[in-house]
Amino acid sequence: MAQDVISLSLEPRSVTGKAVKHLRKSGKIPAVIHDHGRPSIIVEADGASLLKAYYQAGKHHPINLTTGDKTYTAMIKSVEFEPRKHQLNHIVFNAVAADQVVEAEIPIEPQYLEGMESTPAERAGLIVLNNLESVMVEALPKDLPDVIYYDAAKLSEIGDQVSVEDLIVPGNVKLHTESNHAVATVYEPSALAAANESA
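Note that this is a predicted model, so its numbers are computed, not measured. (Residues numbered from 1 in each chain as written. Predicted model: local features only at pLDDT ≥ 70, side-chain atom pairs only at ≥ 80, totals over all residues. Heavy atoms only, no water.)

A.B. asks: Would you take a moment to explain the sheet that holds strand β3 (residues 38-46) for this structure?
C.D. replies: Strand pairing in a sheet is mediated by backbone hydrogen bonds. Such pairs are either parallel or antiparallel. Around the barrel, which closes on itself, the six strands sit in the order β1-β3-β2-β6-β5-β4 with mixed pairing between neighbours. Sheet twist, expressed as the average angle between the axes of neighbouring strands with direction ignored, equals 45 degrees. (Pairing = 2+ DSSP bridges. Helix = DSSP H or I, 4+ residues; strand = E, 2+ residues; numbered from the N terminus. Axes fitted to C-alpha atoms, helices over the stretch in contact; angles between N-to-C directions.)

The following block contains the structure:
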């Protein structure tokens with residue numbers, strides 16, 4: 001479950017088009033809020049604050065946006081980075097209603113036994129290959145998990161595999177990814193090296 005509340009203050013923006021270059025030079029980043037078919041709201045915010053919110057929320061965690069006297073619950077729809085310097089250029093938010101089911105891409109992570117940081121297979125010198133790093137889900141914004149886990153103890157011997165159907169999914173979250181899609185598979189190192197060479 002997404003527990004941390006992420007809040008972000010945005011200022012109305014009057015600068016558009018090519019003039020946003022000057023905005024970025026001053027440390028501000030342009031953004032847009034799409035609000036249920038209403039006219040888009042163009043805003044700006046401090047670049048560091050926007051980047052922090054992006055790294056905290058990704059595209060799967062709701063953010064409380066404040067601009068002027070209005071507040072929105074929103075999800076990040078898209079992010080644009082300057083390719084050479086990898087600096088944040090622009091963010092698009094989608095406002096969502098609290099009772100509106102939304103789709104989101106949620107990262108997958110192994111859940112280890114207490115005190116462990118690897119699977120039984122990895123501790124035995126085998127290799128675990130990740131076949132899938134995220135899944136598409138739908139849920140109410142408040143119910144979206146930050147991560148979906150699987151039981152790492154299931155991966156202990158060559159050929160062991162975790163599929164989407166093995167994921168630990170909260171009851172109020174619906175998966176869209178096919179249940180038989182492999183998430184992680186155990187391989188013997190030399191067999192994997194041979195397969196890579198032949199490829």
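A.B. asks: Before we go on, may I ask you to explain the pairing of strand β2 (residues 28-35) in this structure?
C.D. replies: Burial within β2 is extensive, with six of its eight residues counted as buried. Across seven bridges, the pairing between β2 and β3 is antiparallel. Bridge pairing in β3 places Ile-33 opposite Ile-41. Once β2 ends, the chain turns through two residues before running back antiparallel as β3, passing His-36 with a positive phi of about 50 degrees. (Buried < 20%, exposed > 50% of the residue type's maximum accessible area, 1.4 Å probe, protein only.)

A.B. asks: It is not clear to me how a nonpolar patch on the surface should be interpreted in this structure. Could you clarify?
C.D. replies: On the surface, a nonpolar cluster with roughly 270 Å² of combined accessible area is contributed by Tyr-112, Leu-113 and Met-116. Here Tyr-112 is to be found in the loop between β7 (102-111) and α3 (120-123). (Patch = residues over 30% accessible without salt bridge, like charges linked within 9 Å, V, L, I, M, F, W, Y side chains within 5 Å. Areas by Shrake-Rupley, 256 points an atom, 1.4 Å probe, with all protein chains shown as cover. Salt bridge = Lys/Arg side-chain N within 4 Å of Asp/Glu carboxyl O.)

A.B. asks: Explanation requested: the packing of aromatic side chains in the structure shown.
C.D. replies: What characterises a pair of aromatic rings is the spacing of the ring centres plus the angle enclosed by the ring planes. As enumerated under the stated definition, the model contains two aromatic pairs in all. Seen from their ring centres, Tyr-54 and Tyr-55 are 5.5 Å apart, and the 45 degrees between their planes marks the pair as tilted. Residues Tyr-54 and Phe-81 carry aromatic rings whose centres are separated by 5.9 Å and whose planes lie at 55 degrees to one another, so their mutual orientation is tilted. Of this pair, Tyr-54 sits in helix α2 (residues 47-57) while Phe-81 is found in strand β5 (residues 70-82), placing the two residues 27 residues apart along the sequence. Considered together, Tyr-54 and Phe-81 belong to a single accessibility category, that of buried residues. Here the aromatic cluster, defined as three or more aromatic residues joined through ring pairs, consists of Tyr-54, Tyr-55 and Phe-81. (Phe/Tyr/Trp six-rings, centres within 6.5 Å; stacked < 30°, edge-to-face > 60°.)

Such coordinate-based values are descriptive only and should not be taken to indicate function.
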